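Spelled out from the first residue to the last, the chains are:
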Amino acid sequence: MDDEKRQQELIATAARVLTPNYKQAPIVLARGQGSTVWDVAGKKYLDLTAGIAACPLGHAHPRLTLAIAEQASKLIHVSNLFFNAPQIELAARLTELARGMGPTRAFFCNSGAEANEAAIKLAKRFQTSVRGHSDRVEILSFEGSFHGRSIATVALTGQEKYRSGFGPLVEWARIVPFPTDENDRRALDPISEKTCAVIIEPIQAEGGIRKPPTGFLQALRARCNETGTVLIFDEVQTGIGRTGHWFGFDRAGVAPDVISLAKGLAGGVPIGAILAREEFAQALTAGSHASTFGGNPLASAAALENLRTIEEEKLLEQVVARGSYLEKKLSALVAKHARAKGVRGVGLLRGLALDEDASPIVARARERGVLLSVAGGTVVRFAPPFIVSEAELDQGVAALDAALQ
Ligand SMILES: Cc1ncc(COP(=O)(O)O)c(C=O)c1O
């Protein structure tokens, strides 16, 4: 069978056997190298999505590939009935990297939604069991936010399209307005001595790559301190270097009580984690939370090598440099195309905001061999691997330019 025919047959089979919850592009990816992927039919694409910000080292990075193969040949999984060395070493490394939060402890799971679930459960246990405030149940999140697809994280996701059809959602979730400017403090009003926690992305990613106005995160921190409210930063997309800092909180200069991580942590191997400040971490007493696969040797070894490679290859510096290069290139598109309204984001989490649905533009770029994604409906998102070159960014922007014609 020729390869294109095989690809079409696979897509036809997918239409019968997969649940219809995704709107996949009509290509079946088969392999990758660096920032490039190839489909089953052999067509080559420049991948500026990096598995939705999950592959900082790109595809088939030799160090990551070797670390995974070596660990797989020794021990893949044991459960948390026992310790395993990669998990302990990973927790040690992450808590060291997050020293801006003060002393922290790590809990591991398998995805971003699960990491946020763990953060929510920790906050609830902290208020009820540690502090004895059984009435502090409400958790606040922001309009436009995205925190995952479990029932609790959907309830805290401030976008109706993700929530509809799943009600009644949990009664303790409350969505507050995303601040519109530096003086807008409406979101702080509902935070009181009755609030359990607030969860916020340092930069809203899925919601359209939106930064809170200057000073807002500081004001939020101050209000949480005044009221004894747990402050959770959802760093699933901003964490592990995507902003040019190890964590979005470093960039913002505000230390939360808990952060959630996933996506880029293990270079594409499924993993999730929370880091919680010592006092808060104590709320997760023995038996209060668990995950069969969480922190298993394979995922932990992958994460360790991913972190080492980012550090030793100085990829955070590269994120900053390539990110500002990309920003300049995208700004030129704003000057050129009336429907391009602005450039958003930091580091290698960047978006070109349009005044229309971004999906057809992304589809046209794909036809020109460049993979991009949509954020917040109208924003074309660039979340390339950190190893992306300037020439590759040029190619991506040129494809977008052509798609906008
Ligand atoms: C900020 C944020 N939180 C949580 C999630 C959910 O992560 P996962 O899909 O791994 O459950 C995402 C995914 O896009 C995200 O961007």
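Residues numbered from 1 in each chain as written. Predicted model: local features only at pLDDT ≥ 70, side-chain atom pairs only at ≥ 80, totals over all residues. Heavy atoms only, no water.

Pairing within the open sheet is mixed, and its four strands lie in the order β1-β2-β3-β13. In this open sheet, the two strands that pair with only one neighbour each are β1 (29-33) and β13 (370-371). (Pairing = 2+ DSSP bridges. Helix = DSSP H or I, 4+ residues; strand = E, 2+ residues; numbered from the N terminus.)

Below, the discussion takes up the packing of aromatic side chains. Describing an aromatic ring pair means giving the distance of the ring centres and the angle of the ring planes. In total, this model carries four aromatic pairs according to the counting rule given. Ring centres of Phe142 and Phe216 lie 5.8 Å apart, and the angle between their planes is 90 degrees; this geometry places the pair in the edge-to-face category. Taken together, the positions of Phe142 in strand β5 (residues 138-142) and Phe216 in helix α8 (residues 216-227) put the pair 74 residues apart, joining distant regions of the chain. For Phe142, a relative accessible area of 2% translates into the label buried. Given a relative accessible area of 0%, Phe216 falls into the buried group. Judged by centre distance (5.5 Å) and plane angle (10 degrees), the ring pair of Phe247 and Phe249 falls under stacked. Using a relative accessible area of 0% as the deciding quantity, one classes Phe247 as buried. The ring of Trp38 has Arg31 lying over it, and the distance from NZ or CZ to the ring centre is 4.0 Å. A cation over an aromatic ring shows up here: Arg210 above the ring of Phe178, its NZ or CZ 4.3 Å from the ring centre. (Phe/Tyr/Trp six-rings, centres within 6.5 Å; stacked < 30°, edge-to-face > 60°. Buried < 20%, exposed > 50% of the residue type's maximum accessible area, 1.4 Å probe, protein only. Lys NZ or Arg CZ within 6 Å of the ring centre and 35° of its normal.)

Turning our eyes to something else, we now look at the site of the ligand. Around the ligand, the structure places 13 residues, and the nearest of them are Gly112, Ala113, Asp234, Gln237 and Lys263. One of the backbone nitrogen or oxygen atoms of Ala113 is found 2.8 Å away from an oxygen atom of the ligand. Contact distances for the ligand include 3.1 Å between an oxygen atom and a side-chain N or O atom of Lys263. Top element by residues in the shell around the ligand is helix α5 (residues 112-130). It accounts for three residues. (Near = heavy atom within 4 Å. Polar contact = N/O pair within 3.5 Å; in protein donor to acceptor, adjacent residues only side chain to side chain.)

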